[in-house]
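# Observations on the three-dimensional arrangement
Chain by chain, the residues:
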Amino acid sequence: MGEATLGGTADGTRNIINGDNGDGVFAVHGGNVIQGNYIGSDITGMIAMGNNGGGGMYVYDGQNDLIGGTSPGARNVVASNGYREIFVSATTGPVVIEGNYIGVDKTGNVPMGNLSTGFGIDVEYSSNVQIGGTTSDTGNVIGGRYVGIGIGSSSSNITIQGNSIGMGADGHTPVSNVSGIGIAGGSTNNLIGGTTSGAGNIIALNNSVGISLSQYSLAAITTGNAILGNSIHDNNNLGSSDAGLGIDIIRPNGQGLDGPNTNDPGDGDSGNNDLQNYPVVTNVINGSGSTTIQGALNSTPNSTFRVEFFSNSTVDPSGYGEGEHYFGFTTVTTDSTGNASFSITLTTPSTAGMYISATATNSGNNTSEFSLAFQAPLNSPPTANVGGPYIVGEGTNLQLNGSGSSDPDGNLQTYEWDLDYNGIAFDVNASGVQPNVSFNDNFAPRMIALEANTLSGTSGTDLFFQGAYDILSDATSSKRKVRV
């Protein structure tokens, strides 16, 4: 087909394409719109009935082609097909692949591909292909294949944004590929993620590497591949120290995943993505709603780099981070010896106990592997100070004072008071640092307690109780007295 529409977004326009010995769809010479079809499944979109020749869809010499779209009705389900679900070749573009479920069923949460071989999307000898986009309705869900997205054979200017690769449409169910994205064969100047809102991909829960950059045997290296602002995590279902990196830049002539690279002084080596050195994080300081990250980068002298920072709940067996939560960047310029230091404070939720990692991207858009992870210190509990001693007459107001409370991490958030604490249940009767309270005449003896609370991110609210003070004098009490 060429300059044709296959399917559509309206009821009754869907095609069910399965059981072919060749490609289910062959789109040539551009101008094609392919929407709303089930390619490789039955009419329910949930039972595999693949096209077992080349694959589900072959786009050749693509120009101004649209596969999928931004409405649910435009979504193609392309799954359980042969070597590739979608193959793009000899294309100058633009070709847009957006909003589809690839290698998974119509729910987006059940793999229906072939983990032992092949690709979800394979791009060869092509340029100007957009996979996904920056709005929530443009991303593709890609799972169930050996490689989620492959870019090879000197392809360039391929943009991969806003997709979920290895994680289902619901945002948590695994639809694992063996590896998430593979770039090889002299492919250059491609973008995975980006610096604009919504550009980041989720590349997670794959069995091996998140993103790999490699050569085919004796092929040209791949360079200029920017990997920015993504969420890359838990890509090590096989548990290997070499196979589970978030980003694995394979050394020259390497033919397999080879674990973390070693930084070299001055970054004079060459290879895939220039074998760009990664930063070294040396300290993390938790603040009130902020995190300060300190470290250094040694790389090409007198050069400028974008350093991105991520927090992770876990690290790979190698100790190197992936990049679960992107939370900011800084720009550094190396001196004549290739050294640059950084100390940047970023507005973040608490990173207490999290593992902080970083990447560096040079002016040629070569992004490094993730750095060795640095564990942020655990949040220390605050100390509550109920104040006093207080002297108050019955039936008059009393201003309590908890301003002597403190928190080592500077995260003190709330003050809550129990004016009749029974030693078991804490009931909040007043709040604030210095609340005004009153006591009626002839009240019974009671205890006053103060809780000072901080926010500590994923570990929940820190709580420390200090002091419950008897309102009436009691010679047998070891507590400090507050007399009325």
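Small disclaimer: the values here were computed from a predicted structure and weren't measured.

Take the nonpolar core next. For soluble globular proteins, nonpolar side chains are generally found buried alongside one another. Membership of the largest hydrophobic core comes to 38 residues, with the highest contact counts inside it found for Met 57, Ile 86, Ile 97, Ile 121, Ile 131, Ile 149 and Ile 181. When sequence neighbours within four positions are dropped, the list of residues in contact with Ile 97 reads Ile 67, Ile 86, Val 88, Ile 102, Ile 121, Val 129, Gln 130, Ile 131, Gly 132 and Asn 140. Membership of the second largest hydrophobic core comes to 17 residues, among which are Ile 293, Ile 344, Ala 360 and Ala 376.

Another point: the environment of Ala 430. If you trace the backbone, Ala 430 turns up in strand S34 (residues 430-431). Through-space distance from the C-alpha of Ala 430 to that of Leu 419 is 7.7 Å; in sequence the pair is 11 residues apart. Filtering out sequence-adjacent residues up to four positions away, Ala 430 remains in contact with Tyr 415, Glu 416, Trp 417, Pro 435 and Val 437.

What follows is about the sheet that holds strand S10 (residues 95-98). Spatially, S1-S4-S7-S10-S13-S16-S19-S22 is the arrangement adopted by the 8 strands of the open sheet, whose pairing is parallel. If you trace the sheet from one side to the other, it starts and ends with strand S1 (5-7) and strand S22 (226-228), each paired once. Sheet twist, expressed as the mean angle between neighbouring strand axes with direction ignored, is 5 degrees. Across 3 bridges, strand S19 (residues 191-193) lies against S22 in parallel orientation. Looking across to S22, one finds that Gly 193 is bridged to Leu 228.

Below, the discussion takes up the sheet that holds strand S31 (residues 374-375). The strands making up a sheet associate through hydrogen bonds between their backbones, and the pairing can be parallel or antiparallel. Read across the open sheet, the 4 strands follow the order S28-S27-S30-S31; overall the sheet is antiparallel. With one partner strand each, in any of the chains shown, strand S28 (325-333) and S31 form the two edges of the open sheet. Pairing geometry for strand S30 (residues 355-362) and S31, over 2 bridges, is antiparallel. If you follow Tyr 355 over to S31, its bridge partner there is Gln 375.

Another aspect to go through is the side chain of Ser 187. Structurally, Ser 187 can be placed in the loop between strand S18 (179-183) and S19. When its relative accessible area of 0% is taken as the criterion, Ser 187 is described as buried. At 3.3 Å, the side chain of Ser 187 forms a polar contact with the backbone nitrogen of Ser 155. Discounting residues that sit within four places of it in the chain, Ser 187 has contacts with Ile 151, Gly 152, Ser 153, Ser 154, Ser 155, Thr 222, Thr 223 and Asn 225.

With that out of the way, let us pick up the confidence of the model for the protein chain. Model confidence for the protein chain is summarised by a mean pLDDT of 88, while 88% of its residues fall at 70 or above. In this model residues 457-484 is a low-confidence stretch, pLDDT under 50, and it forms 74 contacts with partners more than four residues away in sequence or in other chains.

The rules behind each value
- Position labels on residues start from 1 in each chain and follow its written sequence.
- Reporting in this predicted model follows two pLDDT cut-offs: at least 70 for local features of residues, and 80 or more for side-chain atom pairs to be given and counted; totals over whole chains, interfaces and linings ignore these cut-offs and use all residues.
- The basis for the side-chain values is all heavy atoms of the structure; hydrogens and waters are excluded.
- Only buried Ala, Val, Leu, Ile, Met, Phe, Trp, Tyr and Cys residues count toward a nonpolar core, and they belong to the same one when joined by side-chain atoms within 4.5 Å.
- Each residue is placed in one exposure class: buried if its accessible area under a 1.4 Å probe, protein chains only, is under 20% of its type's maximum, exposed if it is over 50%, and partly exposed if it falls in between.
- Any two residues having at least one pair of non-hydrogen atoms within 4.5 Å are treated as being in contact.
- Only DSSP runs of H or I with at least four residues qualify as helices, and only runs of E with at least two residues qualify as strands; both kinds are numbered from the N terminus onward.
- A strand pair is defined by DSSP finding two or more bridges across the two strands.
- Angles shown run from 0 to 180 degrees and are taken between the N-to-C directions of axes, each axis being a line fitted to C-alpha atoms and, for helices, limited to the stretch in contact.
- Whenever two N or O atoms come within 3.5 Å, that pair is a polar contact, provided that in protein one can donate a hydrogen and the other can accept it, and provided that, for residues adjacent in sequence, both atoms are side-chain atoms.
- Per residue, pLDDT captures the predictor's confidence, and it can take any value from 0 to 100.

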